[in-house]
Protein chains: 2
Amino acid sequence: MAADPTTGGGEAESFFRAAPPLRDQDRVAGDLADFVARHSGNGGGGRLAGVVCVTSGGTTVPLEQRCVRYIDNFSSGQRGAASTEYFLKAGYAVIFIYRRGSKQPYCRFLPEDSFLDLFELGEESDIQVPESHAAVVKTAIRNYRKAIDEGLLLKLPFTTIFEYLQLLQMVGTAMNCLGRQGMFYLAAAVSDFYVPWESMAKHKIESASGPLNMQLNQVPKMLFILRKQWAPSAFCVSFKLETDPDILLQKAEAALRKYGMNVVVANELANYKDVVVMVTSNGRTTVRRPSKEDDVEEQLIDLLVEMHSEHIMQLNQDVHKLT
Amino acid sequence: MAADPTTGGGEAESFFRAAPPLRDQDRVAGDLADFVARHSGNGGGGRLAGVVCVTSGGTTVPLEQRCVRYIDNFSSGQRGAASTEYFLKAGYAVIFIYRRGSKQPYCRFLPEDSFLDLFELGEESDIQVPESHAAVVKTAIRNYRKAIDEGLLLKLPFTTIFEYLQLLQMVGTAMNCLGRQGMFYLAAAVSDFYVPWESMAKHKIESASGPLNMQLNQVPKMLFILRKQWAPSAFCVSFKLETDPDILLQKAEAALRKYGMNVVVANELANYKDVVVMVTSNGRTTVRRPSKEDDVEEQLIDLLVEMHSEHIMQLNQDVHKLT
């Protein structure tokens, strides 16, 4: 990756150079290459609607190299898990980059802390689910099995900001060959600040000596680089979360222009499950969930899939003009 | 709680006064009172070996009141979950104060991120577990059901340092009536630093304006107050985790004296599953797990249960002398 002042490439380059290398890098690269190869060239009129990379959950920023303490970004992973289900339903193959321990597709309705609460042993030591939960659990197992068995879901876990950005780079460059068929749906809550690895305390920070002062650097804005270098033809959807509604839409519009996104989805912490605003260069579209039993992601993904199809069609029209 | 400079009571008082009130405080207080009442007076020669409060997982420190970012302490909750199983096996009733999303008793061997990987649907839509996992899953369900059905396990979740310390205070004062029958096994990774609620940013901290500077205050040392005020007769076991082995045992011994613990369990991040050192006023005892298939907690809990029995016996001897 060449250093380029307009894309922040210099900062990014030094971020990646200093980051601890990803564990399992070779295995991940292999799985990724297989997955993309299996699903490429299938989009135009084919069975597959496209390939989407969904990112989900919050990244951590270690404060010590042998990590005891870290800064974390709040995100249950609810949005990413629900969206993955709707993308699969719409016929996409999904690369799910998720925070370890965050919500998983088809598991959203199951109890979090002790799934053992769901099960009982029958008289012959067979595993039983109480009638009240049986339908939900069986549907979850059926849909999950289908996605895995048909090879439509690739799951890649991360914990730290270093792991997340390395995975995003690998997936971004691997998906470049898909051109307009590729989509990025960047729902992960990514740290804005980090402690550079080389300036990090090696051991646990001592607590005996009064208040703690910390200085954190800004994380380079990788959306630039995703857009300009890794996968420039892909359809890119990013998210803007704020707690203060007065600045939310302004900030979403600024991000749309600054990073050249196709869509920025604006949401507030207080009601992110109920309503989102899709911000595009054509204006704003508010999406609300019809009832507490529905997911706001259902309609959101419907609209995005439609926009992505148009994005793909544009290419086909361009190609048609040329031939 | 009176302000007392020797116990840090003043700082603790202002910490609790400023903390956001615990949700469900009344329900938790009711459950706790029931649980303790049900298991009190059962210890001396009775069925029950005692009541232990196990704390587990890491606390978070919010950096914003509407929390998007927080500082977290690494802890999977493995130690607390495993220890809870062995305490139950030894005949204790367990109050399990745990970080939401951390490891749970009897679930330690099950896959973390997608338990759906464990299940299949049979031909008649019955839920099946592949032969390879069937024994583990069935044992987990059986043991968990037994603990719950016999009313021997009370689970209380927390996320923030504010929630954790309020729960510990409630459990500490509720267990006071158990006297020497009570045990505290404080395996949670508790933050040393926090941002006082009233000085916290209300909204998400802006990322546009360069590096971030933070100042964090020290969390008051509640072990003092647990020991002196909340439950002075209980048997108290705390943990010391360090990444630097050179300072670990010194720090464990300092904590033993400073907080008047009965035992401080010293462990290193690099090998905490393999070996721990029990530090008491009588010296050090190293506990190693015999093999990768065993838990170091099995022998650790055996030794602690023995020490706790002696602690209870001392009271009986004292009472005997008086009569």
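Cut-offs used in this document
Residues numbered from 1 in each chain as written. Chains lettered and ligands numbered in written order. Predicted model: local features only at pLDDT ≥ 70, side-chain atom pairs only at ≥ 80, totals over all residues. Heavy atoms only, no water. Helix = DSSP H or I, 4+ residues; strand = E, 2+ residues; numbered from the N terminus. Buried < 20%, exposed > 50% of the residue type's maximum accessible area, 1.4 Å probe, protein only. Pairing = 2+ DSSP bridges. Core = buried A, V, L, I, M, F, W, Y, C linked by side-chain atoms within 4.5 Å. Contact = heavy atoms within 4.5 Å. Polar contact = N/O pair within 3.5 Å; in protein donor to acceptor, adjacent residues only side chain to side chain. Phe/Tyr/Trp six-rings, centres within 6.5 Å; stacked < 30°, edge-to-face > 60°. Salt bridge = Lys/Arg side-chain N within 4 Å of Asp/Glu carboxyl O. Least-squares fit on C-alpha atoms with pLDDT ≥ 70 in both. Axes fitted to C-alpha atoms, helices over the stretch in contact; angles between N-to-C directions. Parallel < 35°, antiparallel > 145°, perpendicular 65-115°, else oblique. Left-handed = near helix turned anticlockwise from the far one by under 90°. Nonpolar A, V, L, I, M, F, W, Y, C, P; charged D, E, K, R; others polar. Buried area = accessible area lost by both parts, 1.4 Å probe. Expected span 1.5 Å × (residues − 1). Arc of directions from axis to C-beta. pLDDT = per-residue confidence, 0-100. Patch = residues over 30% accessible without salt bridge, like charges linked within 9 Å, V, L, I, M, F, W, Y side chains within 5 Å. Areas by Shrake-Rupley, 256 points an atom, 1.4 Å probe, with all protein chains shown as cover. Lys, Arg positive; Asp, Glu negative; His and termini not counted. Charge placed at Lys NZ, Arg CZ, Asp CG, Glu CD.

## Section: the overall build of chain A
Helices and strands together make up the secondary structure of chain A, namely 8 helices and 14 strands. The 323 residues of chain A split such that 54% are buried.

## Let's talk about the sheet that holds strand β9 (residues 193–194) of chain A
The strand order across the open sheet built from 4 strands is β9(A)-β10(A)-β10(B)-β9(B), with neighbouring strands paired in antiparallel fashion. In the strand order of this sheet, the two ends are held by β9 of chain A together with β9 (193–194) of chain B, each with one partner.

## Things to note about the nonpolar core
Counting residues in each nonpolar core, the largest one holds 202 residues, and the members touching the most others are Ile95, Phe184 and Tyr185 of chain A together with Ile95, Phe184 and Tyr185 of chain B. With residues near it in sequence (within four places) discarded, Ile95 of chain B still touches Leu32, Phe35, Val36, Val51, Val52, Cys53, Val54, Leu154, Leu156, Val171 and Met175 of chain B.

## Considering the side chain of Arg99 of chain B
All names here are of chain B. Assignment of secondary structure puts Arg99 in strand β4 (residues 92–99). A polar contact of 2.9 Å, which involves the side chain of Arg99, links it to the side chain of Asp72. Non-local contacts of Arg99, meaning those with residues more than four positions away in its chain, are made with Ser56, Gly57, Gly58, Thr59, Thr60, Tyr70, Asp72, Phe158 and Thr159.

## A word on the packing of aromatic side chains
All names here are of chain A. Per the counting criterion, the structure on display carries 22 aromatic pairs over all chains. Look at Phe224 and Tyr259: their rings are 5.2 Å apart centre to centre, the planes differ by 75°, and that puts the pair in the edge-to-face class. Taken as a pair, Phe224 in helix α6 (residues 222–230) and Tyr259 in helix α7 (residues 245–259) lie far apart in primary sequence, 35 residues in all. Residue class for Phe224 comes out buried when judged on its relative accessible area of 19%.

## Some words on the pattern of salt bridges
Scanning the model with the defined rule gives 32 salt bridges over all chains in all. Taking the shortest distance from any N to any O, the salt bridge between Arg69 of chain A and Asp192 of chain B comes out at 2.5 Å. Of this pair, Arg69 of chain A sits in strand β3 (residues 69–73) while Asp192 of chain B sits in the loop between β8 (182–186) and β9, placing the two residues on different chains. As far as the burial class goes, Arg69 of chain A and Asp192 of chain B line up, both buried. A network of salt bridges, in which partner residues are shared, links Glu64 and Arg69 of chain A together with Asp192 and Lys221 of chain B.

## A short note on the pairing of β3 of chain A
On any regular strand, side chains alternate: one points to one face of the sheet, the next to the other face. Taking burial as the measure, the 5 residues of β3 of chain A include 5 buried ones, the bulk of the element. Burial along β3 of chain A is two-sided: the residues Arg69, Ile71 and Asn73 of chain A and Tyr70 and Asp72 of chain A are all buried.

## Quick word on the relation of the copies chain A and chain B
Of the transformation superimposing chain A on chain B, the axial component is 0.0 Å and the angular component is 180°, with the fit at an RMSD of 0.0 Å. The transformation just described matches what one would write down for a two-fold rotation axis. In terms of proximity to the rotation axis, the leading residue of chain A is Ile71 of chain A, whose C-alpha is 2.1 Å off the axis. A symmetric contact is evident, with 100% of the interface residues of chain A recurring at the interface of chain B.

## Here's the deal with the sheet that holds strand β2 (residues 60–62) of chain A
The sheet built from 4 strands is open, its strands ordered β2(A)-β3(A)-β3(B)-β2(B) with antiparallel pairing. Strands with a single pairing partner mark the edges of an open sheet, and in this sheet they are β2 of chain A together with β2 (60–62) of chain B. Between one strand axis and the next, the sheet turns by 25° as a mean value, whatever way the strands run.

## With respect to the packing of helix α5 (residues 161–175) of chain A against α6 of chain A
All names here are of chain A. Running from N to C, α5 and α6 point in directions that differ by 20°, and their axes come no closer than 10 Å. Between α5 and α6, the angle is such that the two are roughly parallel. Like other packed secondary-structure pairs, α5 and α6 cross with a definite hand, here right-handed. Side by side, α5 and α6 meet where Leu165, Leu168, Gln169, Gly172 and Thr173 of the first sit next to Met222, Leu226 and Trp230 of the second. For the contact of α5 with α6, the class distribution of residues is 5 nonpolar, 3 polar and no charged.

## Focus on the interface of chain A and chain B
At the junction of the two partners, chain A supplies 62 residues and chain B supplies 62 residues. Both faces considered, chain A and chain B share a buried interface measuring about 5900 Å² in area, 57% of it formed by carbon and sulfur atoms. There are 2 salt bridges connecting chain A and chain B. The tally of links from chain A across to chain B stands at 4 residue pairs in polar contact (both at pLDDT 80 or more). Secondary-structure elements contributing two or more residues to the side of chain A that touches chain B are β3, β5 (120–121), α4 (131–149), β10 (212–218), β11 (235–242) and α7 of chain A. With 7 residues, α4 of chain A is the largest single contributor of residues to the side of chain A that touches chain B. Pairing between β3 of chain A and strand β3 (residues 69–73) of chain B: 5 bridges, direction antiparallel. Looking at β3 of chain B, one finds that Asp72 of chain A is bridged to Tyr70 of chain B.

## Let's talk about α7 of chain A
All names here are of chain A. A rise of 1.5 Å per residue sets the reference length of α7, with its 15 residues, at 21 Å; its end C-alpha atoms lie 21 Å apart and thus fit the reference within 8%. Buried within α7 are the following residues: Leu248, Ala252, Ala255, Leu256 and Tyr259. Looking straight down α7, one finds that the buried residues subtend no more than 105° of arc, so they occupy a single side. Residues Asp246, Gln250 and Arg257 are exposed on α7 and point more than 90 degrees away from its buried face. On its buried side, α7 packs onto α6, β11, β12 (263–268) and β13 (275–280).

## With respect to the confidence of the model for chain A
Residue and element names in this part refer to chain A. Chain-level pLDDT for chain A is 87 on average; 89% of the residues reach the 70-or-more range. Model confidence for chain A, summarised as mean pLDDT per element, is weakest for β10 at 79 and strongest for strand β8 (residues 182–186) at 98. For this predicted complex, the interface confidence comes out at an ipTM of 0.75, alongside a pTM of 0.83.

## Some details on a negative patch on the surface
A surface patch of like charges, here negative, comprises Glu123, Glu124 and Asp126 of chain A together with Glu123, Glu124 and Asp126 of chain B. In this structure, Glu123 of chain B sits in the loop between β5 (120–121) and β6 (127–128). Judged by its relative accessible area of 85%, Glu123 of chain B falls in the exposed class.

## Considerations on the environment of Phe16 of chain B
If you trace the backbone, Phe16 of chain B turns up in helix α1 (residues 9–18). Sequence separation of Phe16 of chain B and Val263 of chain B is 247 residues, and the distance between their C-alpha atoms is 27 Å.

## Examining the pairing of β8 of chain A
All names here are of chain A. When you tally the buried positions in β8, you get 5 out of 5 residues, the bulk of the element. Of the two faces of β8, the one holding Gly182, Phe184 and Leu186 and the one holding Met183 and Tyr185 are both buried throughout. Where strand β1 (residues 50–56) lies against β8, 5 bridges are found, and the strand directions are parallel. Residue pairing across strands places Val52 opposite Met183, the latter belonging to β8. One ladder, built from 4 bridges, connects β8 with β11; its direction is parallel. For Leu186, the partnering residue across the bridge sits in β11 and is Ser238.

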